[in-house]
Amino acid sequence: MSEYLTRTLTGMFMLVLLALLFYFGTDIIFNITIYVISLVAYLEWLRLTSKSIIFFFPFFVLLVFLHHYLNINLTTFSYVCILLWLLLSIYLFFFKKFLQHFIKKHSLLIGTLIISSFFIFLINLYPSSNTIIIDNELIDNKSYFLTLILMVTSVDVYAYICGKAIGNNKIGSDISPNKTFEGYIGSLFLTFFTFYFISAYMNFNWTSLDLVIMLIFVLMTFFGDLFMSFIKRTYKKKDTGSILPGHGGILDRLDSYFSALPVFFVWFLS
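The rules behind these values
Residues numbered from 1 in each chain as written. Predicted model: local features only at pLDDT ≥ 70, side-chain atom pairs only at ≥ 80, totals over all residues. Heavy atoms only, no water. 1 Å grid on protein atoms, 1.4 Å probe; cavity = no way out; pocket = protein on both sides within 12 Å on 5 of 7 lines; lining within 4 Å. Points joined across faces, edges and corners; volume = space filled by probe spheres on them. Helix = DSSP H or I, 4+ residues; strand = E, 2+ residues; numbered from the N terminus. Nonpolar A, V, L, I, M, F, W, Y, C, P; charged D, E, K, R; others polar. pLDDT = per-residue confidence, 0-100. Contact = heavy atoms within 4.5 Å. Core = buried A, V, L, I, M, F, W, Y, C linked by side-chain atoms within 4.5 Å. Buried < 20%, exposed > 50% of the residue type's maximum accessible area, 1.4 Å probe, protein only. Polar contact = N/O pair within 3.5 Å; in protein donor to acceptor, adjacent residues only side chain to side chain. Expected span 1.5 Å × (residues − 1). Arc of directions from axis to C-beta. Phe/Tyr/Trp six-rings, centres within 6.5 Å; stacked < 30°, edge-to-face > 60°.

S.K.: Outline the layout of surface pockets, listing residues and values.
M.R.: Roughly 530 Å³ of internal volume is contained in the second largest pocket. Lining the second largest pocket are 21 residues; nearest its centre among them are L84, W85, L88, I110 and L113. Counting residues per element, the ones that place at least two in the lining of the second largest pocket are α4 (74-94), α5 (96-105), α6 (107-123) and α10 (250-269). Tallied by class, the residues present in the lining of the second largest pocket amount to 19 nonpolar, two polar and no charged.

This is the structure:
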């Protein structure tokens, strides 16, 4: 079976699972799904960076604490995460050797911060007083999950298609040999149309400021993808796992969400 067909079948399978979750899922199932995805992602991170599986169990305890006992301002937390991702992007493009050394030395801390932040945003993906309040129902805010998935998927798919069709100028063989500037520029323009249709469906009255935030969202989505590619290059791995045939691991599919989620929260939920 060709890689393209394998990727397509796996993509369709994931789409069916998402459809079942959104149509028949309860709030408890939504929460369990977020826990499972976060834990599998962390397990892949431990294997990718050759860390002991013993750290998996303290991480689970950490997620429970973050879910039920931590009380922080999520808008402030979002801005902090955005600044940290921007700092990472600077080091990725201008100080690669230093970043590689830092990643190898502090991989456990980096993985814990990235995946736990991802968990915090998803488990609280609803508009509130911008603090973590466990009484809200995720199931009542499915539109935000759908918008996030559609936006990130659009960016990734458009970048892949445009890169295959017209991509010539590589972003950097030492980061990711298959990603091109043409792919990302094409994705940026095409994602605008996706955003236009989403906003029309949701009756979202967007302004010029929304276009600026959308640009930041797309750029952060690109960077999450690049950063995970850099991690894999650092550890000389092609994929983060094999749980998704043709796609690799969970981390391979979540990379863009890690960096895009704080922007999404500021954009739609703050």
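Now that the structure is up, let's keep going.
S.K.: Tell me about the confidence of the model for the protein chain, and name the residues and values.
M.R.: Residues at a pLDDT of 70 or more form 86% of the protein chain, whose mean pLDDT is 82. Segment residues 129-135: pLDDT under 50, and 24 contacts once partners within four positions in sequence are set aside and those in other chains are kept.

S.K.: Account for the nonpolar core, naming residues and giving values.
M.R.: Core analysis: the biggest nonpolar cluster contains 72 residues, and L125, L148, F217, F227 and F258 have the highest contact counts within it. A per-element tally of this core places α10 first, with 14 residues.

S.K.: Provide a residue-level description of the side chain of S259, including the pertinent values.
M.R.: The topology assignment puts S259 in helix α10. Judged by its relative accessible area of 0%, S259 is buried. At 2.4 Å, the side chain of S259 and the backbone oxygen of M220 are in polar contact. A polar contact of 3.1 Å, which involves the side chain of S259, links it to the backbone nitrogen of G224. When neighbours within four sequence positions are excluded, S259 is seen to be in contact with W85, M220, T221, F223 and G224.

S.K.: Report on α4, specifying residues and quantitative values.
M.R.: Count 3.6 residues to each turn of an α-helix, and residues three or four apart come out pointing the same way. Taking 1.5 Å per residue as the helical rise, α4 with its 21 residues ought to reach 30 Å, and the 30 Å between its terminal C-alpha atoms agrees with that figure. By the burial criterion, the buried members of α4 are L74, T75, F77, S78, C81, I82, W85, S89 and L92. Looking straight down α4, one finds that the buried residues subtend no more than 150° of arc, so they occupy a single side. Facing away from the buried side of α4, by more than 90 degrees, are the exposed residues L83 and F94. The opening residue of α4 is N73, an N-cap whose side-chain oxygen sits 3.1 Å from the backbone nitrogen of T75.

S.K.: Lay out helix α8 (residues 181-201) in plain terms, naming residues and giving numbers.
M.R.: Between the first and last C-alpha of α8 there are 31 Å, a value that for 21 residues agrees with the 30 Å anticipated at 1.5 Å per step. Looking one or two residues past α8, N203 carries a phi angle of roughly 55°, positive in sign.

S.K.: Provide a residue-level description of the environment of Y35, including the pertinent values.
M.R.: Position of Y35 relative to the elements: it lies in helix α2 (residues 27-48). The exposure class assigned to Y35 is buried, which follows from its relative accessible area of 13%. For the pair Y35 and V64, spaced 29 residues apart in sequence, the C-alpha separation works out to 9.0 Å. Beyond its immediate chain neighbours, meaning those up to four positions away, Y35 contacts F60, L63, V64, H67, H68, F119 and I123.

S.K.: Tell me about unusual backbone geometry, and name the residues and values.
M.R.: With phi around 60°, S50 is a residue other than glycine that occupies positive phi space. Counting through the fold element by element, S50 comes out in the loop between α2 and α3 (56-68). Phi angles above zero are rare outside glycine, and K236 is one such case at about 55°. Looking at the secondary structure, you find K236 in the loop between α9 (208-234) and α10.

S.K.: Could you give an account of the packing of aromatic side chains, with specific residues and numbers?
M.R.: Two descriptors summarise a pair of aromatic rings, namely the distance from one centre to the other and the angle between the planes of the rings. Tallying each qualifying case throughout the model produces 22 aromatic pairs. Consider the rings of F77 and F121, whose centres lie 5.3 Å apart with planes at 35°: the pair is tilted. In this pair, F77 is assigned in helix α4 and F121 in helix α6, connecting sequence segments 44 residues apart. Given a relative accessible area of 1%, F121 falls into the buried group.

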